[in-house]
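Now for the letters of each chain:
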Amino acid sequence: MGGSIVLFGPPGAGKGTQADAIVLATGKPQISTGDMLRAALAEGTELGLEAKKYMEAGELVPDDVIIGLIRERLKSQDAINGVLFDGFPRTIPQAEALAEIAEVSMVISIQVPDEAIVERIVGRRMDPETGEIYHIKFKPAPSEISSRLIQRKDDNEDAVRTRLSAYHSQTSPLAEWYLQRGILKSVNGNQAMGDVQDEISLLLV
Ligand code: AMP
């Protein structure tokens, strides 16, 4: 498939997990604005410092910052045959800016009800050595690594509720925007990971 793919859905919908499988299936590189911002934060760059307060509160980072990041990233050689966007665009202005600089061929919307999101996110843990994501209830880590697991700073209940309300007010209108452009495909994200993956695979053939 030519062009780029957008993975769309609320925080905790499983975008990161599904992104790994889509990268394997399509060979397109994953571009996660959340990961890029966390890397900038860890390096202590000016951009990271600017983004920090928004991220920790669960609010969206301003559009101009995000659009600048994406413009730079898309200049890389590996982006030539399209990429997989994960967590971008998150606002209509971001989608408009993206439409100017890249061709989006499909938007995959992973749908998960709000009640399931909070439980998923608050129990989410990461292995800092491998980047693997676990869940205290749904995907427990092997006991030998459980002591080194960390929790994302914005994976607490207050920040999750702010992230969900940002999603509903600023991001979910994008579904209609892409539907009108005829490229929105929806999958049920409220089922086992492998079943979500199967639904997505059918869209990629
Ligand atoms: P994520 O890892 O995608 O959940 O993103 C974590 C946080 O980074 C979000 O809660 C926002 O503060 C920020 N962020 C990531 N991507 C975007 C984006 N496209 N627009 C605005 N803020 C973003």
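An account of the accompanying structure is given in this report. For clarity, every value in this text was computed on a predicted model and none was experimentally measured.

Digging into the packing of aromatic side chains
Phase 1: The tally for this structure, following the rule as stated, stands at three aromatic pairs.
Phase 2: An angle of 45° between the planes, with centres 6.1 Å apart, marks the rings of phenylalanine 8 and tyrosine 167 as tilted. Taken together, the residues span a long stretch of sequence, with phenylalanine 8 in strand S1 (residues 4–8) and tyrosine 167 in helix H7 (residues 157–171) at a distance of 159 residues.
Phase 3: Here phenylalanine 8 falls in the buried class, since its relative accessible area comes to 3%.
Phase 4: Here tyrosine 167 falls in the buried class, since its relative accessible area comes to 11%.
Phase 5: Plain terms: the ring middles of tryptophan 177 and tyrosine 178 are 5.0 Å apart, the flat faces sit at 90° to each other, and that makes the pair edge-to-face.
Phase 6: By relative accessible area, which is 12% here, tryptophan 177 ends up buried.

A word on the nonpolar core
Phase 1: Among the nonpolar cores identified, the biggest contains 27 residues, and Phe85, Leu98, Val107 and Tyr178 are the most heavily contacted of them.
Phase 2: Contributing elements (two or more residues each) for this core: S1, helix H3 (46–57), helix H4 (63–73), helix H5 (92–101), strand S4 (104–111) and helix H8 (173–180).
Phase 3: Residues in contact with valine 107, not counting those within four places in the same chain, are Val6, Phe8, Tyr178, Ile183, Leu184 and Lys185.

A few points about H8
Phase 1: Among the residues making up H8, those that are buried are Leu174, Ala175, Trp177 and Tyr178. Down the axis of H8, the sector holding all buried residues measures 160°, keeping them to one side.
Phase 2: Turning to H8, the residues buried within the fold contact S1, H5, S4, H7 and strand S7 (184–188).
Phase 3: Just downstream of H8, glycine 182 is the residue with a positive phi angle, here 75°.

Focus on the site of the ligand
Phase 1: Surrounding the ligand, one finds 16 residues, the nearest of these being Thr33, Arg38, Glu59, Gly87 and Gln94.
Phase 2: Within the backbone of glutamate 59, a nitrogen or oxygen atom sits 2.6 Å from an oxygen atom of the ligand.
Phase 3: Sorting elements by how many residues they give to the shell around the ligand places helix H2 (residues 33–43) first, with four residues.
Phase 4: When its residues are assigned to classes, the shell around the ligand shows six nonpolar, four polar and six charged.

Parameters and conventions
Residues numbered from 1 in each chain as written. Predicted model: local features only at pLDDT ≥ 70, side-chain atom pairs only at ≥ 80, totals over all residues. Heavy atoms only, no water. Phe/Tyr/Trp six-rings, centres within 6.5 Å; stacked < 30°, edge-to-face > 60°. Helix = DSSP H or I, 4+ residues; strand = E, 2+ residues; numbered from the N terminus. Buried < 20%, exposed > 50% of the residue type's maximum accessible area, 1.4 Å probe, protein only. Core = buried A, V, L, I, M, F, W, Y, C linked by side-chain atoms within 4.5 Å. Contact = heavy atoms within 4.5 Å. Arc of directions from axis to C-beta. Near = heavy atom within 4 Å. Polar contact = N/O pair within 3.5 Å; in protein donor to acceptor, adjacent residues only side chain to side chain. Nonpolar A, V, L, I, M, F, W, Y, C, P; charged D, E, K, R; others polar.

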